[in-house]
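# Structural description and commentary
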Amino acid sequence: MKLFVDTADLGEIEALVPLGIIDGVTTNPSLLAKVGNDPRGVLKRICELVKGPVSAEVVETDCDGMVREGRELAAIDSHIVVKVPFGKAGVQACHVLANEGVRVNVTLIFSASQALLAAKVGAAFVSPFVGRLDDIGTPGMDLIRTIVEIFENFEFSTEVLVASTRGPMHIIESARLGADVCTCPPKVIDALFNHPLTDIGLERFLADWAKAQQVVG
Ligand code: G3P
């Protein structure tokens with residue numbers, strides 16, 4: 001399963017890339033707004049840092065506007081994947097852009113029917129938001145199970161990109177269900193590393209080693 005980082009913060013990306021575990025980046029207008037101006041400059045720099053898919057979202061709301069903006073975003077770098085929000089305009093824009101060879105990530109997916117429609121028009125990725133579903137008392141991972149099953153039934157090449165992840169269990173469950181990608185905020189990626197027994201174990205190894213050195217010395 002691929003692991004993307006869900007941030008537009010260059011410092012956070014620079015810290016994670018050397019670990020070798022990051023396969024791509026997802027951004028959205030909220031994340032880009034948080035890091036200040038010149039979003040296209042930021043996107044270009046992210047593409048230089050991460051040689052994988054980098055999702056950049058349109059903010060136009062009608063199909064023609066989304067297609068125009070999507071072409072501009074795609075021209076920034078060959079790693080850009082154009083993110084369009086689900087809806088009739090987004091689906092139509094995905095259809096047009098995908099036919100031109102632009103990779104599209106259809107975002108704000110909250111139902112299996114939405115994922116199916118996005119796959120039918122050639123989306124490269126669909127982004128179901130599991131955390132936001134959990135927030136309203138609807139199990140987000142049930143949606144992932146259903147979408148994975150549907151895509152397998154029809155051999156869609158559309159990848160299931162699990163978004164709005166809030167903790168390690170979203171990532172573990174996604175991997176068990178066969179989702180293609182999980183995108184995570186940096187703090188969720190950090191949480192994947194942590195286990196108290198690892199810390200205790202290392203502390204003990206080092207203490208035992210230091211004791212043995214004293215005996216030898
Ligand atoms: O990739 C989508 C993600 O940024 C949304 O996450 O935590 O705002 O629901 P969240």
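None of these values were measured; they are calculated from a predicted model. Residue positions within a chain follow its written sequence, with the count starting from 1. The predicted origin of the model limits local features to residues at a pLDDT of at least 70 and limits the giving and counting of side-chain atom pairs to 80 or more, whereas totals for whole chains, interfaces and linings rest on all residues. In computing side-chain properties, one takes all heavy atoms of the structure into account and sets aside hydrogens as well as water.

### A look at the site of the ligand
Summary of the distance rule: residues count as near a molecule or strand when at least one heavy atom falls within 4 Å of that molecule or strand. Taken together, D6, N28, F129, R132, A163, S164 and R166 make up all the residues around the ligand. Between an oxygen atom of the ligand and a side-chain N or O atom of D6, the distance comes to 2.5 Å. In protein, a polar contact means a hydrogen-donor-capable atom and an acceptor-capable atom, both N or O and within 3.5 Å, with residues adjacent in sequence counting only if both atoms are side-chain atoms; elsewhere, any N or O pair within 3.5 Å suffices. The separation between an oxygen atom of the ligand and a polar side-chain atom of R132 is 2.6 Å. In short, Shrake-Rupley with a 1.4 Å probe defines the accessible areas, and a residue's cover is counted only from the protein chains shown. Starting from 310 Å² of accessible surface for the ligand in isolation, the protein chains cover 80%. Here the term charged refers only to Asp, Glu, Lys and Arg, the term nonpolar to Ala, Val, Leu, Ile, Met, Phe, Trp, Tyr, Cys and Pro, and the term polar to all other amino acids, Gly among them. The residue makeup of the shell around the ligand, split by class, is 2 nonpolar, 2 polar and 3 charged.

### Quick word on unusual backbone geometry
With glycine set apart, most residues show a phi of negative sign, and most peptide bonds adopt trans. The phi torsion at E155 lies on the positive side, around 50°, for a residue other than glycine. Relative to the elements of secondary structure, E155 occurs in the loop between α8 (140–154) and β7 (159–162). We call a residue buried when its accessible area falls under 20% of the maximum for its residue type, exposed when it is over 50%, and partly exposed in between, using a 1.4 Å probe and counting protein chains only. E155 gets classed as exposed once you look at its relative accessible area, which sits at 72%. Despite not being glycine, S164 shows a phi value in the positive range, around 60°. For S164, a relative accessible area of 12% corresponds to the buried category. The secondary structure listing takes helices from DSSP runs of H or I that are at least 4 residues long and strands from runs of E that are at least 2 residues long, numbered from the N terminus.

### Quick word on the sheet that holds strand β4 (residues 80–85)
Here the rule is simple: two strands pair whenever DSSP picks up at least two bridges between them. Strand order in the closed barrel made by the 8 strands is β1-β2-β3-β4-β5-β6-β7-β8, with parallel pairing throughout. Within this sheet the neighbouring strands show an average axis-to-axis angle of 30°, counted without direction. Where strand β6 (residues 125–128) lies against β7, 2 bridges are found, and the strand directions are parallel. Note on β7: the bridge partner recorded for V126 is V160. Note on geometry: axes are lines fitted to C-alpha atoms, helical ones only across the stretch in contact, with angles between N-to-C directions running from 0 to 180 degrees.

### Topic: a nonpolar patch on the surface
Side chains of L19, L192 and F193 sit close together on the surface and give an oily, nonpolar patch of about 280 Å² of accessible area. Relative accessible area serves as the criterion here: at 47%, L19 is assigned to the partly exposed category. Nonpolar side chains (Val, Leu, Ile, Met, Phe, Trp, Tyr) within 5 Å and like charges within 9 Å form the patches, drawn only from residues with over 30% relative accessible area and no salt bridge. Salt bridges are identified by distance alone: a Lys or Arg side-chain nitrogen within 4 Å of an Asp or Glu carboxyl oxygen.

### Points about the packing of aromatic side chains
Each aromatic pair joins two rings of Phe, Tyr and Trp (for Trp, the six-membered one) with centres within 6.5 Å, and gets the label stacked for planes under 30 degrees apart, edge-to-face for over 60, and tilted for any other angle. A complete count under the given rule lists 4 aromatic pairs for this structure. Ring geometry for F110 versus F129: centroids 5.6 Å apart, planes at 65°, classification edge-to-face. You can see F110 sitting in the loop between β5 (104–109) and α6 (112–120) and its partner F129 sitting in the loop between β6 and α7 (130–135), a full 19 residues away along the chain. When the centroid spacing of 5.5 Å and the interplanar angle of 70° are considered together, the rings of F151 and F156 count as edge-to-face. By relative accessible area, F151 is classed as buried at 4%. Chaining the aromatic ring pairs together yields one cluster made of F151, F154 and F156.

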